[in-house]
Amino acid sequence: MPEETLFKSESTQDRDEIASYLRKVADNLESGKSLSLRAGDQSVTMDPPPRLTFEVKAEREGPTGKPGELSVEFELEWDEDGGDGGSGGSLEIE
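Quantities reported herein were computed from a predicted structural model and do not represent experimental measurements.

Participant: I tried to follow the pattern of salt bridges on my own but got confused; where do I start?
Facilitator: Side-chain pairs of opposite charge can arise where the charged atoms are in close proximity. The tally for this structure, following the rule as stated, stands at two salt bridges. With a shortest N-O distance of 3.8 Å, Lys57 and Glu55 are connected by a salt bridge. Owing to a relative accessible area of 32%, Glu55 belongs among the partly exposed residues under this scheme. A salt bridge links Lys57 to Glu59, with the nearest nitrogen and oxygen atoms 3.9 Å apart. Exposure remark for Lys57: the relative accessible area of 32% places this residue in the partly exposed category. Three or more residues are tied together by salt bridges with common partners; here these are Glu55, Lys57 and Glu59.

Laid out in structure tokens, this is it:
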């Protein structure tokens, strides 16, 4: 299935700035509001349904046994036709 990027933004920010963005996403999800993303001349508004697939991925990129780049990715996914994205195991974030 082909993938189309509707919006992309990447920038270096302080942890408290990133936490503020994540808090806004959490607040909008909890209240059932749309998610509107804007950066420069790009923008997109999406309406997540009540049930989503939530993917969390921790990765390390780089040569084995040497320092690399670490990342944590959070992804919300849902079908445009309103279908359920499936289910998985229980997630804990501490």
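Additional details are given in the paragraphs that follow.
Participant: So what exactly am I meant to see when it comes to the packing of aromatic side chains here?
Facilitator: Describing an aromatic ring pair means giving the distance of the ring centres and the angle of the ring planes. This structure, assessed with the given rule, holds one aromatic pair. Each ring, one from Phe54 and one from Phe74, has its centre 6.3 Å from the other, and the planes form 10°; the classification is stacked. Of this pair, Phe54 sits in strand 3 (residues 53–61) while Phe74 sits in strand 4 (residues 69–77), placing them 20 residues apart in sequence. Judged by its relative accessible area of 44%, Phe54 falls in the partly exposed class.

Participant: I'm lost on the pairing of strand 1 (residues 35–39) in this one. Help?
Facilitator: Along any regular strand, the residues point their side chains to alternate faces of the sheet. As paired elements, strand 1 and strand 2 (residues 42–46) share five bridges and run antiparallel to each other. Among the inter-strand pairings, Ala39 is bridged to a residue of strand 2, identified as Gln42. Hairpin remark: strand 1 followed by strand 2, antiparallel, with two residues in the connecting loop; positive phi at Gly40, about 60°.

Participant: Looking at this model, I keep getting lost on a nonpolar patch on the surface. Mind explaining?
Facilitator: The grouping of Ile18, Leu22, Phe54, Val56, Val72, Phe74, Leu91 and Ile93 at the surface amounts to a nonpolar patch, some 750 Å² of accessible area in total. Those elements that place two or more of their residues in the nonpolar patch are helix 1 (15–31), strand 3 and strand 4. Position of Val72 among the secondary structure elements: in strand 4.

Participant: Is there a simple way to explain helix 1 in this structure?
Facilitator: Because the α-helix completes a turn every 3.6 residues, residues three or four places apart line up on one side. If you check helix 1, its first and last C-alpha atoms are 24 Å apart, about what 17 residues at 1.5 Å a residue would give, namely 24 Å. Of the residues trailing helix 1, Gly32 is marked for its positive phi of about 80°.

What counts, and where the lines are drawn
Residues numbered from 1 in each chain as written. Predicted model: local features only at pLDDT ≥ 70, side-chain atom pairs only at ≥ 80, totals over all residues. Heavy atoms only, no water. Salt bridge = Lys/Arg side-chain N within 4 Å of Asp/Glu carboxyl O. Buried < 20%, exposed > 50% of the residue type's maximum accessible area, 1.4 Å probe, protein only. Phe/Tyr/Trp six-rings, centres within 6.5 Å; stacked < 30°, edge-to-face > 60°. Helix = DSSP H or I, 4+ residues; strand = E, 2+ residues; numbered from the N terminus. Pairing = 2+ DSSP bridges. Patch = residues over 30% accessible without salt bridge, like charges linked within 9 Å, V, L, I, M, F, W, Y side chains within 5 Å. Areas by Shrake-Rupley, 256 points an atom, 1.4 Å probe, with all protein chains shown as cover. Expected span 1.5 Å × (residues − 1).

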